[in-house]
Amino acid sequence: MATPKTLTPPKEGERIEARGGRLAVPDTPIIPYIEGDGTGPDIWRATVRVLDAAVRKAYGSKRRIVWFEVFAGEKAHARFGTWLPEETLQAFEHYVVGIKGPLTTPVGGGFRSLNVSLRQQLDLYACVRPVRYFEGVPSPVCHPEQVDVVVFRENTEDIYVGYECASGSPEAKRLIEFVGREFKWKIREDAGVGLKPMSPFGTKRLVRKAIRFAIDHGRRSVTLVHKGNIMKYTEGAFAQWGYEVAREEFAAETIPWADVEKHHRGVVPPGKILIQDYIADVTFQHVLTRPRSFDVIATGNLNGDYLSDAIAAQVGGIGMAPGGNISDVHAVFEATHGTAPKYANQDKVNPGSLILSGVMMLEHLGWREAAGLVIRGMEATFRKKIVTYDLARLMEGAREARTSEFASAVVDNM
Ligand code: NAP
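Residues numbered from 1 in each chain as written. Predicted model: local features only at pLDDT ≥ 70, side-chain atom pairs only at ≥ 80, totals over all residues. Heavy atoms only, no water.

- Named according to an unreviewed UniProt entry, the protein is Isocitrate dehydrogenase [NADP] originating from Candidatus Segetimicrobium genomatis.
- Looking at the protein in UniProt, the text filed under Catalytic activity (unreviewed entry) is "D-threo-isocitrate + NADP(+) = 2-oxoglutarate + CO2 + NADPH".
- Of the comments in the UniProt record for the protein, the one headed Sequence similarities (unreviewed entry) reads "Belongs to the isocitrate and isopropylmalate dehydrogenases family." (UniProt positions renumbered as here; feature names shortened; annotations may be inferred.)

What to know about the overall build of the protein
At step 1: From N to C terminus, the protein includes 14 helices and 17 strands.
At step 2: A compact globule built from 414 residues would reach a C-alpha radius of gyration of about 22 Å, and the protein, at 22 Å, matches this within 12%.
At step 3: Taken over the C-alpha atoms alone, the protein extends approximately 65 × 55 × 50 Å along its principal axes.
At step 4: Within the protein, the proportion of its 414 residues that are buried is 53%.
At step 5: Here the analysis covers contacts within the protein between residues at least 6 apart in sequence; of these, 73% occur between residues at least 24 apart.
At step 6: Carbon and sulfur atoms make up 51% of the accessible area of the protein, which amounts to about 19600 Å² in all.
At step 7: Each charge class in the protein was averaged separately, 52 positive and 50 negative side chains, and the resulting centres sit 2 Å apart. (Helix = DSSP H or I, 4+ residues; strand = E, 2+ residues; numbered from the N terminus. Rg over C-alpha atoms; globule rule 2.2 N^0.38 Å. Buried < 20%, exposed > 50% of the residue type's maximum accessible area, 1.4 Å probe, protein only. Contact = heavy atoms within 4.5 Å. Areas by Shrake-Rupley, 256 points an atom, 1.4 Å probe, with all protein chains shown as cover. Lys, Arg positive; Asp, Glu negative; His and termini not counted. Charge placed at Lys NZ, Arg CZ, Asp CG, Glu CD.)

Side note on the domain arrangement of the protein
At step 1: Splitting the protein by domain gives domain 1 (1-130 + 321-413), domain 2 (140-153 + 198-314) and domain 3 (159-195).
At step 2: Each of domain 2 and domain 3 has a C-alpha centre, and these two points are 32 Å apart. (Domains from an automatic or database assignment.)

Some points on the pairing of strand β4 (residues 66-69)
At step 1: Note: strand β3 (residues 30-34) against β4, 4 bridges, orientation parallel. Bridging across to β4, Ile 30 finds its partner in Val 66.
At step 2: As a crossover connection, the stretch from β3 through helix α1 (residues 40-59) into β4 is right-handed. (Pairing = 2+ DSSP bridges. Right-handed = clockwise from strand over helix to strand, strands pointing away.)

Considering the UniProt feature "binding site: D-threo-isocitrate" (unreviewed entry) in the protein
At step 1: Taking the UniProt record as the reference, the feature "binding site: D-threo-isocitrate" (unreviewed entry) is found at Ser 113, Asn 115, Arg 119, Arg 129 and Arg 153.
At step 2: Along the chain, the position of Asn 115 falls in helix α4 (residues 114-122).
At step 3: A residue is classified by how much of its surface remains accessible, and Asn 115, at 25% relative accessible area, is partly exposed.
At step 4: Here Asn 115 is in contact with Lys 100 and Glu 334, once residues within four sequence places are set aside.
At step 5: Positionally, Arg 119 belongs in helix α4.
At step 6: With relative accessibility at 11%, the residue Arg 119 sits in the buried group.
At step 7: Ignoring anything within four residues of it in the chain, the contact list for Arg 119 reads Leu 124, Asn 155, Tyr 160, Asn 325 and Glu 334.

Focus on the packing of aromatic side chains
At step 1: Evaluated as defined, the whole model comprises 13 aromatic pairs.
At step 2: Summarising the aromatic geometry, the rings of Tyr 33 and Trp 67 are spaced 6.2 Å apart at their centres and angled 85° between planes, so their arrangement reads as edge-to-face. In this pair, Tyr 33 is assigned in strand β3 and Trp 67 in strand β4, connecting sequence segments 34 residues apart. By the burial criterion, Tyr 33 is buried, and Trp 67 matches it.
At step 3: One aromatic cluster is present, formed by Tyr 33, Trp 44 and Trp 67 through successive ring pairs.
At step 4: The aromatic ring of Tyr 59 is capped on one face by Arg 63, whose charged end is 4.6 Å from the ring centroid. (Phe/Tyr/Trp six-rings, centres within 6.5 Å; stacked < 30°, edge-to-face > 60°. Lys NZ or Arg CZ within 6 Å of the ring centre and 35° of its normal.)

Here it is, written out as structure tokens:
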């Protein structure tokens, strides 16, 4: 790493390395973190306490995370006059695995978002959002306990790339003229226009990751969600390429739905992971009415954006939804909600999203015992109805806890 101007790397601990597609995790890995803006510091303090306690309880003095603060957002701007120091990006690259709280998106131009910069620089092509239910957490549906889904959302293609021209701009006019001339596509002169690229390369690596996850975690199925009945060569092709990966690379472990119907009378043979596909609109109905049909979901950027929040809403909403952006080498875990600035420094908001993102990180490191302890601590805390304000207002008989009190309860209940 270049000599940092804004950062002082820790003197102890070791760097995680990626060797031959696998992580080599030392017993004292250095993990860069951004505490985040607004409520970020509150939820970060709670998270670090919980994660450290779990690691200590699981491994005693044998293992310890060496936290390394790096800066972005308001703290970076106040200290260094820049919202996103180059060294922060370099640290995430160098140390391979990192975690971040929410960041303010400053109003006005010329700002490079950290999320976009990180995704591009480290090619974090999969946005992974596990959604599961904790008993006792208030939910708008009758059977939230049936929700246990991991969404793999493609991060680098589809509308995300932002190839768009504004209505009335010279670029839009040229594009409209071009497609009118070359393809005989009639687009209204005053339209804004966008491109939606989806490739076999981008799709296959995403679906490959989802299937590997399903194999490693003993999951039952991978569902390819798409809108291919209308957008055949992007969304429809996504499903087709997904089935191809399964057939060409995971024939021993997986079985497509068509084969289950044709050769197994509709019953998935034991030991096989079902590969199926669903049209996006009906998926939104079915995740509500029959959530058990879904296990791992692989989908494009826009579908994944809507779907992961819609599923999270069934189990406690955005205060509880974790996420990770992952490439073949790097991973950055993050709270999926924003900075909730009106609650900043009040020790009030729910740290669940960032704590559970930390659990994803521990699992990613292979520290499953510590991850399991955090989950156990949270389960017991919810069962005792100790929750932050957002859940307390929806629960009868809740004991409303501050952010820090919730963290203490999780540690006590591990
Ligand atoms: P937000 O910060 O997510 O907050 C919206 C509402 O969601 C809050 O008022 C609160 O609802 C609830 N909420 C959010 N976090 C919560 C938590 N930890 N515990 C309990 N409830 C929580 O969205 P926003 O107000 O639209 O955005 C604020 C800033 O965050 C903006 O600058 C935005 O750009 C940024 N942002 C950053 C990220 C990121 O870094 N990943 C993501 C999204 C937004 P109630 O008031 O109803 O309790």
